[in-house]
Amino acid sequence: MNSDRSVLHRLDQIDRFPLCHLPTPLQPLDRLSATLGGPRLWIKRDDCTGLSLGGNKSRKMEYVIPEVIASGADTLVTIGALQSNHVRQTIAAGVRSGMESWVVLGNWVGHEHASYLRSGNRLLDEVLGARIFTAGDDETPDDALSRVCDAAIAAGRKPSIVALGASTPVGALGYAHSAVELLQQCEAEGFKPAAVYFASGSGGTQAGLLAGMLAAKARTIVQGISVFNANGQELLGVIESICAETLKLLGDATEIASDDLRLDETQLGPGYGQPTDEMLEALRLLARLEAVILDPVYTAKAMAGLIKDLREERFGADENIVFIHTGGAPGLFAYADIIDF
Ligand SMILES: *Cc1c(COP(=O)(O)O)cnc(C)c1O
């Protein structure tokens, strides 16, 4: 058995609640590649995971839901920014598995425009039927989660907290799965990916991708672009510890080398959810050359990081680079009043 097949085999032994349309497509970005020069670019369409407009959290929830069901809970409780894709996909996973969702939203990003307060993911949370609570100005996320859990218990519910971004070792299994799925698609196309690029927020996507690549013995660079945490060292520590635990769940004894942990912090700009010129350039390029819709918070910043590395000629013309589209396009609508696209 080759290594990626044996990882798939181990993943098959772990409970998974199917939520996603898999495999997501792997598509060439030929017009973008021709415009930028250098390596051949591809895109893995994890924006098309399908669950209530898709995104990367749906893959994580496939592994988290069985854990919640096993705990006997009947209500998902989670927290996120007002335009959180994670919160939307958690609610959707709850709907599919017959659980209520009680969610806390905080406007930590601070945009007060009508589209941001009302449209995008915030609107979808309402459509999906979640109970929505607002984080208090002086309340920590943990305090807000306890408050909502207490309210749920008082109402006779059995709550279970879904971690921020579902970035736990179990959630990250969804991205170990995505890594081997991608390796098989690349093999079918006749190449080995030199690197994968994607947005890194709470770290579970990067941890899972790295675990999958290490367990499959692929030598693909796993390059996160930081879009959320201004403290890169802290985020790398989180990624390393989740990755180590995910490898354990896969029964794999590979050691993580410091060189495996790659985070580009140049694209965060003024902060999470705050536009940058490079983000807007990347968003327009992908829309106008490839008809691929990115989002201002995650994927366009990640694409800006890839474009920067291509301009610095980090890769040769004979190499293949995969950009993982982690979703987030529903959040684009929230920026209608904020950015002149
Ligand atoms: C949450 C999210 C990410 C980041 O994933 P993490 O696992 O939290 O690092 C990237 N892109 C989009 C669109 C997201 O919603």
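Residues numbered from 1 in each chain as written. Predicted model: local features only at pLDDT ≥ 70, side-chain atom pairs only at ≥ 80, totals over all residues. Heavy atoms only, no water.

Student: I'm lost on the site of the ligand in this one. Help?
Tutor: In the neighbourhood of the ligand, 16 residues make up the surrounding shell, with Lys57, Lys60, Ser202, Thr205 and Thr326 lying closest. A distance of 3.0 Å separates an oxygen atom of the ligand from a polar side-chain atom of Asn85. In this structure, an oxygen atom belonging to the ligand sits 2.5 Å away from a side-chain N or O atom of Ser202. For the ligand, the accessible surface in isolation is 380 Å², of which the surrounding protein chains cover 98%. When atoms are counted within 2 Å of each cavity's grid points, the one that captures over half of the ligand is the largest pocket. Contributions of two or more residues to the shell around the ligand are made by helix H3 (57–70), strand E7 (195–200) and helix H9 (204–215). (Near = heavy atom within 4 Å. Polar contact = N/O pair within 3.5 Å; in protein donor to acceptor, adjacent residues only side chain to side chain. Areas by Shrake-Rupley, 256 points an atom, 1.4 Å probe, with all protein chains shown as cover. 1 Å grid on protein atoms, 1.4 Å probe; cavity = no way out; pocket = protein on both sides within 12 Å on 5 of 7 lines; lining within 4 Å. Sits in = over half its atoms within 2 Å of the grid points. Helix = DSSP H or I, 4+ residues; strand = E, 2+ residues; numbered from the N terminus.)

Student: Would you take a moment to explain the sheet that holds strand E4 (residues 100–106) for this structure?
Tutor: Strands in a sheet are paired, the pairing made by backbone hydrogen bonds, and the direction either parallel or antiparallel. Read across the sheet, 4 strands follow the order E5-E4-E3-E6 without closing on themselves; strand pairing throughout is parallel. Each edge of the sheet is formed by a strand with only one pairing partner; in this case those strands are strand E5 (131–134) and strand E6 (159–161). On average, adjacent strands in this sheet sit at an angle of 25° to one another, irrespective of strand direction. In the sheet, strand E3 (residues 75–81) pairs with E6 via 3 bridges, with the strands oriented parallel. (Pairing = 2+ DSSP bridges. Axes fitted to C-alpha atoms, helices over the stretch in contact; angles between N-to-C directions.)

Student: Hey, could you run me through the sheet that holds strand E8 (residues 221–226) in this one?
Tutor: Across the sheet, which stays open at both edges, the 6 strands sit in the order E1-E2-E10-E7-E8-E9 with mixed pairing between neighbours. With one partner strand each, in any of the chains shown, strand E1 (26–28) and strand E9 (262–264) form the two edges of the open sheet. Across the sheet, the mean angle from the axis of one strand to that of its neighbour is 30°, orientation sign disregarded. Where strand E2 (residues 40–45) lies against strand E10 (residues 320–325), 6 bridges are found, and the strand directions are parallel. Of the residues in E10, the one forming a bridge with Lys44 is Ile324. Each of E2, E7, E8, E9 and E10 touches helix H12 (residues 299–311); the most contacted strand, E10, lies at about 165° to it. (Contact = heavy atoms within 4.5 Å.)

Student: Whenever I open this one, the pattern of salt bridges confuses me. Can you help?
Tutor: Pairs can form between side chains of opposite charge whenever their charged atoms are close. The final tally for this structure, using the stated rule, is 18 salt bridges. Asp252 is the partner of Arg10 in a salt bridge, and the nearest nitrogen-oxygen pair spans 3.6 Å. Of this pair, Arg10 sits in helix H1 (residues 3–12) while Asp252 is found in the loop between helix H10 (232–249) and E9, placing the two residues 242 residues apart along the sequence. Taking the relative accessible area as the measure of exposure, Asp252 reaches 11% and is therefore buried. Across the salt bridge formed by Asp309 and Lys308, the nearest N and O atoms sit 3.7 Å from each other. (Salt bridge = Lys/Arg side-chain N within 4 Å of Asp/Glu carboxyl O. Buried < 20%, exposed > 50% of the residue type's maximum accessible area, 1.4 Å probe, protein only.)

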